[in-house]
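Descriptive analysis of the structure
Letter by letter, the chains look like this.
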Amino acid sequence: MANTIFITGTSSGLGRLMAIHFAKNGWNVAATMRTPEKETEFNAFPQIKIFKLDVTQVDTVTVAVDNAIAAFGTIDVIVNNAGIGMYGALELTNDADIEKQFAVNVKGVINVIRAFLPHLRANRAGKIINISSLMGISTALPLGSLYNMSKFALEGLTEGLTFELKPLNIDLHLVEPGGFGSAFGENITFSKSEEIKDYDLITGKVSTVLHAASGAGMKITAQPIVDEIYALASGKSKAFRTVVGKDAKMVVFLRKILPINAFLKILGKKFLS
Ligand SMILES: NC(=O)c1ccc[n+]([C@@H]2O[C@H](COP(=O)([O-])OP(=O)(O)OC[C@H]3O[C@@H](n4cnc5c(N)ncnc54)[C@H](OP(=O)(O)O)[C@@H]3O)[C@@H](O)[C@H]2O)c1
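Where charged atoms of side chains with opposite charge meet at close range, the side chains can pair. If you walk through the whole model with that rule in mind, you get 6 salt bridges. The partner of Arg-241 in a salt bridge is Glu-159, and the shortest N-O contact between them spans 2.8 Å. Here the residue Arg-241 occupies a position in strand E9 (residues 241–244), and Glu-159 occupies one in helix H4 (residues 145–165), the gap between them amounting to 82 residues. Overall, Arg-241 belongs to the partly exposed group, its relative accessible area being 35%. In the salt-bridge network here, residues are joined through shared partners; they are Glu-155, Glu-159, Glu-176 and Arg-241.

Right under this line is the structure:
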């Protein structure tokens, strides 16, 4: 019988590529998204079933999880992929943006995991793969403190859960990609201010980097990340952490060999001078 994967955030980017890759490789896919009514491409894949899910709305999570279990019987792998980026100087952000960053990237993952635990416990089997980021390991781009916070929290959540879930034969994995092309850059909320000028220089530089790294300007595809997730889902890799991409590997290397102050100085030179 085919294995089944449940993925959040399949309307674009990594989630979308993942859903199609797993379907093409014979997996059943529970592809979840906020706006299924807009979806057309997945209809070509009989193995993909679409479920409406907003990770911040617990009722939609519960219904999607129950319906996916009813449709497929067993869910073997869950990928918490849905994520957003709130950028800008912290002083310029508002409470709603701070709460939204946490609600999607952290509480959203908790909502999905909690909804699945009765199923996974009953099966005494399952894998949970959380899509973190290079920014979950280290700061790598200024004005990303909220996004950093959310992905650091996701790392802590995932590490912390291993103690209680490992004895139940539920595996946890973190995937930590560097930058790749998706709708992520276009969807970023970037806080700016007409009144406070102190952050203008760094804001201009970071906006340029983010703009260049998004959409058609970004040549790095999500396929290597999908390949790593496939290796984890199919048991070929058992790694707890998987760093993907040259930029992510370079940052991890520099963080290993340099004291934090030296690392931050190098990074700062790129953006502050
Ligand atoms: N792109 C990068 O350079 C990069 C690097 C490292 C890590 N990541 C991580 O990779 C993951 C996928 O991002 P991506 O680059 O593929 O970006 P993306 O194309 O913007 O995809 C993000 C997905 O999350 C969904 N989403 C947003 N808010 C949601 C909510 N409240 N409930 C359910 N789904 C929601 C979006 O759906 P809607 O269409 O409904 O908004 C979209 O399907 C994220 O966790 C991101 O943090 C990205």
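Picking up after the structure, the text goes on.
Looking at the ligand, there are 29 residues lining it, with Ser-11, Ser-12, Arg-34, Tyr-147 and Ser-182 nearest. With respect to the ligand, the side chain of Ser-12 contributes an N or O atom lying 2.7 Å from an oxygen atom. Contacts to the ligand include Tyr-147, whose side-chain N or O atom sits 2.6 Å from an oxygen atom. Protein chains bury 91% of the 890 Å² of accessible surface belonging to the ligand in isolation. For the shell around the ligand, the secondary-structure elements that each account for two or more residues are helix H1 (13–24), H4 and helix H5 (184–187). Of the residues that constitute the shell around the ligand, the class distribution is 12 nonpolar, 14 polar and 3 charged.

Reading guide: rules and limits
- Residues numbered from 1 in each chain as written.
- Predicted model: local features only at pLDDT ≥ 70, side-chain atom pairs only at ≥ 80, totals over all residues.
- Heavy atoms only, no water.
- Salt bridge = Lys/Arg side-chain N within 4 Å of Asp/Glu carboxyl O.
- Helix = DSSP H or I, 4+ residues; strand = E, 2+ residues; numbered from the N terminus.
- Buried < 20%, exposed > 50% of the residue type's maximum accessible area, 1.4 Å probe, protein only.
- Near = heavy atom within 4 Å.
- Polar contact = N/O pair within 3.5 Å; in protein donor to acceptor, adjacent residues only side chain to side chain.
- Areas by Shrake-Rupley, 256 points an atom, 1.4 Å probe, with all protein chains shown as cover.
- Nonpolar A, V, L, I, M, F, W, Y, C, P; charged D, E, K, R; others polar.

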